[in-house]
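Chain by chain, the residues run as shown.
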Amino acid sequence: MKINTKYHGERLINENEIITFPNAIPGFQDEKEFIVLSLDEDQEFLVLQSVANSQLAFIMTSPFRFFKEYDFTLDDFVVELLKIESEKDIHVFSILTVQDPFDKTTVNLQAPIVINTKNKLAKQVILNQPDYRTKHPLFSKKKHKVVKG
Amino acid sequence: MLVLTRRSGEVIKIGDEIEITVIAAKGDQVKIGISAPKDVEVFRKEVYDQIIAENQEATVDVSAVMGFIKGTKKN
């Protein structure tokens with residue numbers, strides 16, 4: 001099927017590429033279907049693009065690239081909701097709040113996007129860990145450390 | 001909004017499966033116990049609102065800095 005995207009123009013996608021958020025994304029209750037598109041060759045930055053709404057797109061990155069010690073435990077409820085059988089099937093991304101200039105960009109470590117790559121079910125998980133907040137500088141001087149707040 | 005007065009240890013039931021227990025009250029702070037089915041997510045409202053606000057902020061158009069994102073420009 002053909003969809004319009006925010007950063008990649010018109011795009012031909014396979015239905016099996018579609019990632020479903022059964023509980024939607026907080027703030028966007030009508031949008032449950034997304035696809036992941038790459039922004040750069042290294043796939044360091046990705047776009048979580050809504051299938052239905054071309055203007056709705058989040059920029060994401062792997063939090064582990066920037067925060068080596070990033071770690072959290074998924075609630076049983078999420079494991080059941082996403083039908084997760086193995087940790088290997090999971091991809092975790094963090095949404096960026098991109099700023100101009102780009103080096104002021106922040107990353108939301110409190111609400112990671114968890115995708116079960118096996119069945120393409122996903123959820124934005126809200127963590128109750130005080131170390132992880134919504135605005136961690138992506139390029140802080142202590143680049144690989146989460147600043148405790 | 002329904003307003004109920006409860007003492008410490010007393011419970012409010014919402015539907016069949018959700019119970020709210022007042023554990024303790026001291027000054028303007030109330031400690032509340034919530035028992036709900038696993039698929040009912042419970043958050044402090046300000047935390048949930050903050051996630052919504054951050055998500056909305058994160059959807060702004062980033063075309064202006066796309067060169068940096070793609071790594072073709074360096075800071």
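Here, the structure is the one placed above.
For the structure given in this document, a descriptive report is provided here. (Residues numbered from 1 in each chain as written. Chains lettered and ligands numbered in written order. Predicted model: local features only at pLDDT ≥ 70, side-chain atom pairs only at ≥ 80, totals over all residues.)

### What about the overall build of chain B?
Here is step 1: Counting its regular elements, chain B contains two helices and three strands.
Here is step 2: Listing the helices and strands of chain B from first to last along the sequence gives β-β-β-α-α.
Here is step 3: At 22 Å, chain B has a C-alpha radius of gyration far larger than the 11 Å of a compact globule built from 75 residues.
Here is step 4: A principal-axis box enclosing the C-alpha atoms of chain B has dimensions of 60 × 30 × 20 Å. (Helix = DSSP H or I, 4+ residues; strand = E, 2+ residues; numbered from the N terminus. Rg over C-alpha atoms; globule rule 2.2 N^0.38 Å.)

### Some points on the interface of chain A and chain B
Here is step 1: Chain A puts 27 residues into the contact, and the matching count from chain B is 22 residues.
Here is step 2: Elements supplying a minimum of two residues to the side of chain A that touches chain B: β6 (57-61), α2 (76-81) and β7 (90-97) of chain A.
Here is step 3: For the side of chain A that touches chain B, the class distribution of residues is 17 nonpolar, five polar and five charged. (Contact = placed C-beta atoms within 7 Å. Nonpolar A, V, L, I, M, F, W, Y, C, P; charged D, E, K, R; others polar.)

### Topic: helix α1 (residues 45-57) of chain B
Here is step 1: When the terminal C-alpha atoms of α1(B) are compared, their 18 Å separation across 13 residues agrees well with the 18 Å that a helix rising 1.5 Å per residue should span.
Here is step 2: For α1(B), the full list of buried residues reads B:Gln50, B:Ile51, B:Glu54 and B:Asn55. Taken around the axis of α1(B), the buried residues stretch over an arc of 135 degrees, which confines them to a single face. Residues of α1(B) that are exposed and angled more than 90 degrees away from the buried face: B:Lys45 and B:Glu46.
Here is step 3: Where α1(B) is buried, its residues contact β7 of chain A. (Expected span 1.5 Å × (residues − 1). Buried ≥ 20, exposed ≤ 12 C-beta atoms within 10 Å, placed from the backbone. Arc of directions from axis to C-beta.)

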